Amino acid sequence: MIKLNRDYTLRVLEEIINIPSPTGYCMNVVLHIEKISEELGYKSERNKKGNIIIEIAGEDNSYCVGIAVHVDTLGAMVRSVNKDGTIKITSLGGNMYATLDGEYCKIHTRKGKIYTGTVLSTSPAAHVYKDAETKERNEENMMVRLDEVVKNKEDVKALNIERGDFISIEPKFTITPSGYIKSRYLDNKAGTACALSLLELFKRLKTKPKNKVKIIVSTYEEVGHGCANIPEDIDELIGIDMGCIGLDLACTEQDVSICAKDSSGPYDYGIRSKLIQLAIDNKISYAVDIYPMYGSDVSAALRGGNNIKGGLIGPGVHASHGMERTHIDGIENTIKLIYSYLMD
């Protein structure tokens with residue numbers, strides 16, 4: 001079995017996790033990924049919406065396998081400013097507001113200034129508000145408290161904070177001695193790190209995939225249209241996104257998940273069968289699961305009318321859209337499976 005460069009994968013993952021990229025605000029992380037691919041000797045291009053496309057030449061370039069990952073994350077945006085100088089927010093993607101209460105954040109102004117703050121309930125103090133513990137954590141009941149001396153709307157305006165400014169949440173990236181990776185936005189920067197590790201792997205081993213490969217790093221997956229249209233030469237598209245954990249699901253944080261069906265319907269039976277057989281043959285720890293409340297960039301590509309067949313895999317991630325956690329084993333098993341698939 002192939003020898004993975006664990007240090008490289010974890011370093012790249014930490015780098016991209018710590019570059020704020022709420023959906024619609026991915027310019028900086030895109031530049032960083034372009035730099036990574038260039039350093040490894042691969043050419044990349046961008047489409048009009050800002051997705052990166054990185055090509056890996058194959059032994060036979062008449063057939064093309066697409067790999068879809070997304071680097072955009074959940075986040076928020078300034079909706080308005082309250083009378084007391086706190087900020088009303090609007091969600092980008094499916095935030096679970098209960099997990100945001102008390103989290104540190106950054107406001108990215110159009111002037112290039114970054115201000116820090118904290119996301120809080122509008123009843124944030126137990127010694128002041130009777131409903132501090134019981135108040136529902138939803139968009140209408142949340143605010144950002146700025147770390148600036150502001151008393152009113154005018155004070156905030158003087159900081160050049162405007163409606164539409166992006167808000168990113170502190171990810172709190174941590175690797176434990178037992179191999180767990182705790183952070184926000186493993187969905188889907190863990191999958192992106194897997195794809196970038198493929199670039200390093202092909203270069204280090206001096207190998208080529210069986211067919212041409214195009215890695216698409218999308219920037220609008222969290223709002224549903226990241227890969228709505230893809231390069232015309234792609235014949236099949238495999239998403240690397242998070243595997244879900246809980247309820248009747250079999251996946252753990254140490255596994256690579258192979259998704260049979262999500263909210264968009266079943267994935268291609270032939271691709272899924274091949275992935276399962278490769279996992280068995282190569283002794284890769286895997287699980288097959290169904291995610292009824294999940295959609296992927298492959299879902300967007302299929303709904304967009306692209307003439308492809310699709311599959312979906314990814315490392316097991318616990319507590320999605322909250323304080324997420326995966327394990328280095330799950331990430332490594334994902335890289336091993338997709339590498340085996342591309343070499344088969």
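Check the entry above for the structure.
Before going into details, it helps to say that this report is about the structure given with it.

## Quick word on the pairing of strand 13 (residues 236-240)
The two faces of the sheet receive side chains in turn, since in a regular strand these alternate between them.
Logical step 1: Counting buried residues in strand 13 gives five out of five residues, a clear majority hidden from the surface.
Logical step 2: What you see with strand 13 is no split at all: Glu236, Ile238 and Ile240 on one side and Leu237 and Gly239 on the other are buried throughout.
Logical step 3: The pairing of strand 3 (residues 60-70) with strand 13 spans four bridges and is parallel. Of the residues in strand 13, the one forming a bridge with Val65 is Glu236.
Logical step 4: Relative to strand 18 (residues 309-317), strand 13 runs parallel, the two being bridged by five bridges. For Gly239, the partnering residue across the bridge sits in strand 18 and is Leu312.

## Quick notes on the pattern of salt bridges
Logical step 1: Within the structure shown, the criterion is met by 15 salt bridges.
Logical step 2: A salt bridge links Glu15 to Arg11; the nearest nitrogen and oxygen atoms lie 3.0 Å apart. Here the residue Glu15 and the residue Arg11 both occupy positions in helix 1 (residues 6-17), the gap between them amounting to four residues, near one helical turn.
Logical step 3: Taking the relative accessible area as the measure of exposure, Glu15 reaches 26% and is therefore partly exposed.

Conventions adopted
- Residues numbered from 1 in each chain as written.
- Predicted model: local features only at pLDDT ≥ 70, side-chain atom pairs only at ≥ 80, totals over all residues.
- Heavy atoms only, no water.
- Buried < 20%, exposed > 50% of the residue type's maximum accessible area, 1.4 Å probe, protein only.
- Helix = DSSP H or I, 4+ residues; strand = E, 2+ residues; numbered from the N terminus.
- Pairing = 2+ DSSP bridges.
- Salt bridge = Lys/Arg side-chain N within 4 Å of Asp/Glu carboxyl O.

Without other data, these values stay purely geometric and don't point to any function.
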